[in-house]
Amino acid sequence: MKRLYTILMTAVMLMSVPAFGGGFQLNEHGARAMAMGGAFAGYARDLSAIYFNIAGITYLPGVHMQVGTTLITPAASFRGPSPSVTETKMKSQLFYPSHAYFTYQINDMFTAGFGFNNPFGLGTEWDEGWVGQFITLKSDLKVFSLNPVLGVKLSDKLRLGVGLQYNIATVELSRALNFAPTFNGTGKIDLKGDEKGAIGFAGGLLYQATKEISLGLQYRSEVNYKFKGTATTTGPSQLSANLLAGDIEATFTSPQQFTFGVAVTPSSKLLLTADFQYIMWSSYDSLKIDFLASDTTISSPRLYEDTYIVRLGAEYSYSDNLALRAGLLFDRNPVKDDHLDPLLPDANRIGISAGLGYRISDAMSLDLSYLFLRFSERTITKTEISYSGNSGMLPFTGTYNSTANLFSFSLNYKF
Amino acid sequence: MKKSFLLLIIFLFAGLAFYGCEDRSDLAAPSAPSTGTANFARYVAIGNSITAGYQNGAVYQSAQMYSYGNLIAGQVGTTFAQPLYSDPGSGGRIEAKTLFPSFSSYINPNVGTPINLTYPKPYNNLGVPGAAIYDFLNAYDSNSCFSAIANPSAPVRNPFFNLVLRNQGGSKFTQWDMTKAQQPTFVTFWLGNNDILGSATNGVSTLMTPLATFTALYNAAMDSLKTLNVPVVVANIPDVTILPFFTTVGGQLRQQGVTSVVGTKGDGSVALLDLTKNLITLKGQAELAAGKGTSPANPLSNGVVLDSAEIVAIKTVTAQFNGVIQAAAAAKDFGFVDANAKLNQIAAVSLTGGYKEDGITLTVLFVTGNLFSLDGVHPSSVGHAFMANEFIKVINTKYNASIPRINLASIPGSVFFSSGPASKIVVPDFKPGTFDRMFF
């Protein structure tokens, strides 16, 4: 749900110390929902209900399957550090969080389902030697989530869905080390870790208030990730006794969130949706990495704030086989100015989406969508992020600009 | 309905395209700072090894780039030619071989080459390592410098005069002549340190320039500079007894529980020297490792000891010279940088947390103090930036300028690690001879 794959991640490395990354949300788990600005919790009559509102799977008779992916190409640049206005562009990358869903209607009351997707992820990579190299060179987080779910039709009007999340994750963070001001030399620290099973749960309600109005409420719980891995550190051999390396552990708690959605069908051909998504990012107050060999803990304050996303969507049935969709979203970022860094150059963003659904046959249909995200330009004049090295600290002030293009498709099949 | 929906989509995409293409290149580069009534079109820095950018026992390009003169020139955006020497420089560069569990050094055996010898004008940086106050108006090569003529039986022919002044075909241009020839618009002048330091590093107080001589030479230099009729800023002489070169060995011994060693005093007598009142130079490390200093029959030599009387003598002369410098600056209406006061301020807090600037902790301690390079005498790159900021403060005040200070954290480290694997701990930490070729 929330954060766009790439730019989003967590962050983490404290200036003078290596730190570990958390994860960030992805909200693109179905081409139909993405085309409608992600406003789907009040409707959710699609396999992506397994993500957006589990109760929605009770609207799917028989057996349904969906596979799809989202191609994300983010772009970000940094000008600075002030007073310099030199621009550095983030390396271009392509990400493809994917989804696969399956549902089976057991009887009129119960529908079971199973879903796979990437609910969190992020990747930022900057050139070796860039001005912020001592803050970050690379971050990469991937979360793979397996979701057994059950939908219950309590009445014609009220439907319920519950599910488990079983999450597997990998993370890699690296940055350069600077031994200034005393020593002339640089090194690098690379942290790699994984989590083999972090458990969470989710639940949703759908209520058909009137013939035209459907209301939805979705909850996704916090998930505690405990990463275990290894830190590899290079540097002058003379300093080897002082370099942190070896086995590491780090924890990260992904935020819980509530989504309230409304869907209105003023005519048989038009569907309008709106969501308000509240994400309790304040769970991410600091990032701690334990270096087991040296019994050292490094803690980096993150102090994220709770935040929200407002989404609007529309779907118009142009013909029996073709549906046209569009959407808008405003996403308020959780990162305070004084903790923003190039590991995750986040900003408030506006998204504009469009797409179409095409019924290929009675059994098969295809959804295509495009979403453009514009991050508001963000100029940091006061920051706790600094960039020079282990003892030297220069505030990493400057201006960030980011955009992202997302293309998604989902292929649906029903028996 | 269909049409209106399509129109809506077209409208949205058009808006999106305009929004996405919005020009974000409206950030402008900062303009050059105001230098007030001072004009930096032709800036000349006169001095000794400090001005030359000498670090870690050698002159080399990657340190010269951070000489305080070059840093000041960078802040005001003027050109500043220097007699560059390619890395690892003029020979004998001290590098770090091991740091843990104790420090040991390595002398880089390689020598670089001068890479700016054909510069067609006098250098802006006229810092000559080893230059004394006498040399400013009198020395034009390695044979005419003070160290070559002061002791005719053992002349020290300082090759840096040849490197910086480049007199050929019988010409005899001194630092002053080279200054005047450039028609400078701004001058900094920092000489006098070697009139004390050379004596101190040899463990004696008897070779210092006599006060009357110093006064005459210094005032003659000031008179010459005054004739240029341009802004001049002078700096005084820091108390050398706070330098890591003098404080490190005794400090280490005291940490190991040793309270005194046997050494030869300035008057030739051998005595038990209390380490809280006497100083042992970095050169003494080698003698200690050889077992000296433990008995009256095997004392540390006078050359590595500054006894308490010598310390008093050096401090006294430093105060007298600084009085001469400050008085001369006031008389000529020159800017005055109190380097001595600033370093004493840092020394006073060096054992209680240090002096913090730009997030960097500065102390007068060896290696970890960030201010001094591995020779224990010469500033590190950060030390140069610190001094450049002191000059800039004075310039800004005296000449109504607004030159930005240098952020110390933007200065890279300046202690080199020797290549190759760190071997087992080597004692002595400094090999004999490490400091023999060091010019101050």
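Residues numbered from 1 in each chain as written. Chains lettered and ligands numbered in written order. Predicted model: local features only at pLDDT ≥ 70, side-chain atom pairs only at ≥ 80, totals over all residues.

1. Notes on the overall build of chain A
The helix and strand tally for chain A stands at 2 helices and 22 strands. Relative to the compact-globule value of 22 Å for 415 residues, chain A shows a C-alpha radius of gyration of 22 Å, a close match. By residue count, 54% of the 415 residues in chain A fall in the buried class. When contacts within chain A are restricted to residue pairs at least 6 apart in sequence, long-range pairs at least 24 apart make up 69% of them. (Helix = DSSP H or I, 4+ residues; strand = E, 2+ residues; numbered from the N terminus. Rg over C-alpha atoms; globule rule 2.2 N^0.38 Å. Buried ≥ 20, exposed ≤ 12 C-beta atoms within 10 Å, placed from the backbone. Contact = placed C-beta atoms within 7 Å.)

2. Focus: the packing of helix 4 (residues 68–76) of chain B against helix 15 (residues 381–398) of chain B
Residues and elements named next belong to chain B. Where helix 4 meets helix 15, the closest approach of the two axes is 8 Å, and the angle between their N-to-C directions is 55°. Between helix 4 and helix 15, the angle is such that the two are oblique. In the packing of helix 4 onto helix 15, the handedness of the crossing is right-handed. Taken together, the residues of helix 15 that come into contact with helix 4 (itself represented by Tyr68, Leu71, Ile72 and Gln75) are His384, Ala385, Met387, Ala388, Phe391 and Ile392. Class assignment of the residues belonging to the contact of helix 4 with helix 15 gives a composition of 8 nonpolar, 2 polar and no charged. (Axes fitted to C-alpha atoms, helices over the stretch in contact; angles between N-to-C directions. Parallel < 35°, antiparallel > 145°, perpendicular 65-115°, else oblique. Left-handed = near helix turned anticlockwise from the far one by under 90°. Nonpolar A, V, L, I, M, F, W, Y, C, P; charged D, E, K, R; others polar.)

3. Details of the nonpolar core
In this structure, Ile133(B), Ile196(B), Tyr218(B), Val234(B), Ala385(B), Ala388(B) and Phe391(B) are the most contacted members of the largest nonpolar core, which totals 170 residues. Setting aside residues no more than four positions away along its own chain, Ile196(B) makes contact with Met208(B), Ile237(B), Val240(B), Ile314(B), Val317(B), Thr318(B) and Phe321(B). Grouped together as the second largest cluster of nonpolar side chains are 42 residues, Leu206(A), Tyr316(A), Leu356(A) and Ala404(A) included. (Core = buried A, V, L, I, M, F, W, Y, C linked by C-beta atoms within 7 Å.)

4. Remarks on the sheet that holds strand 4 (residues 125–127) of chain B
Residue and element names in this part refer to chain B. Strand order in the open sheet made by the 5 strands is 4-1-5-6-11, with parallel pairing throughout. Sheet topology places strand 4 and strand 11 (335–337) at the edges, where each strand pairs with a single neighbour. Taken pair by pair, the neighbouring strands of this sheet meet at an average axis angle of 15°, ignoring direction. Pairing between strand 1 (residues 43–47) and strand 5 (residues 186–190): 5 bridges, direction parallel. Bridge pairing links isoleucine 46 to phenylalanine 189 in strand 5. Of the strands in this sheet, strand 5, strand 6 (232–235) and strand 11 are in contact with helix 15, which crosses strand 11 at around 150°. (Pairing = 2+ DSSP bridges.)

5. A look at helix 15 of chain B
Relative to the 26 Å expected for 18 residues at 1.5 Å per residue, helix 15 of chain B spans 26 Å between its end C-alpha atoms, a close match to the ideal helical length. Burial within helix 15 of chain B is extensive, with 13 of its 18 residues counted as buried. (Expected span 1.5 Å × (residues − 1).)

6. Some thoughts on the environment of Ile46(B)
All names here are of chain B. Locating isoleucine 46 in the fold gives a position in strand 1. Residues isoleucine 46 and glycine 69 lie 23 residues apart in sequence; the distance between their C-alpha atoms is 9.1 Å. If we ignore the near neighbours within four places in the chain, the residues touching isoleucine 46 are Thr51, Leu126, Phe136, Gln175, Thr179, Val187, Thr188, Phe189 and Leu191.

7. What about the environment of Phe407(A)?
Residues and elements named next belong to chain A. Tracing the backbone through its elements, the reader meets phenylalanine 407 in strand 22 (residues 398–414). Linking phenylalanine 407 and isoleucine 72, residues 335 residues apart in sequence, is a C-alpha distance of 6.6 Å. When near neighbours in sequence (up to four residues on either side) are disregarded, phenylalanine 407 contacts Leu71 and Tyr370.

8. Let's talk about helix 14 (residues 339–348) of chain B
Residues and elements named next belong to chain B. Of all the residues in helix 14, the buried ones are Ala339, Asn340, Leu343 and Ala347. An end-on view of helix 14 places all buried positions within 95° of arc, on one side of the element. Facing away from the buried side of helix 14 by more than 90 degrees, the exposed set consists of Gln345 and Ala348. In this structure, the buried residues of helix 14 make contact with strand 6, helix 13 (308–332), strand 11 and helix 15. (Arc of directions from axis to C-beta.)

9. What to know about the packing of helix 10 (residues 211–226) of chain B against helix 13 of chain B
Residues and elements named next belong to chain B. Interhelical geometry of helix 10 versus helix 13 gives an angle of 25° and a closest axis separation of 10 Å. Overall, the two elements helix 10 and helix 13 adopt an arrangement that is roughly parallel. Judged by the sense of rotation from one axis to the other, the crossing of helix 10 with helix 13 is right-handed. Here Leu211, Phe214, Thr215, Tyr218, Asn219, Met222 and Lys226 of helix 10 come into contact with helix 13, specifically with Val317, Gln320, Phe321, Val324, Ile325, Ala328 and Lys332. Among the residues forming the contact of helix 10 with helix 13, the class breakdown is 9 nonpolar, 3 polar and 2 charged.

10. A closer look at the environment of Phe430(B)
All names here are of chain B. Assignment of secondary structure puts phenylalanine 430 in the segment after strand 14 (415–416). Sequence spacing of phenylalanine 430 and glutamine 61 is 369 residues, and the spatial spacing of their C-alpha atoms is 24 Å. Among residues more than four places away in sequence, those in contact with phenylalanine 430 are Ser105, Leu282, Gln285 and Ala286.

11. Topic: unusual backbone geometry
A cis geometry characterises the amide bond from Gly80(A) onward to Pro81(A), with omega recorded as -5°. Within the secondary structure, Pro81(A) sits in the loop between strand 1 (63–79) and strand 2 (87–89). That bond from Asp87(B) to Pro88(B) is cis: its omega, 0°, falls within 30 degrees of zero. Secondary-structure assignment places Pro88(B) in the loop between helix 4 and strand 2 (94–98). Phi at Ala44(A) takes a positive value of approximately 55°, unusual for a residue other than glycine. Looking at the element boundaries, Ala44(A) is found in the loop between helix 1 (31–35) and helix 2 (49–52). The phi angle at Gln183(B) is positive, at roughly 45°, despite the residue not being glycine. With respect to the secondary-structure elements, Gln183(B) resides in the loop between helix 8 (175–181) and strand 5.

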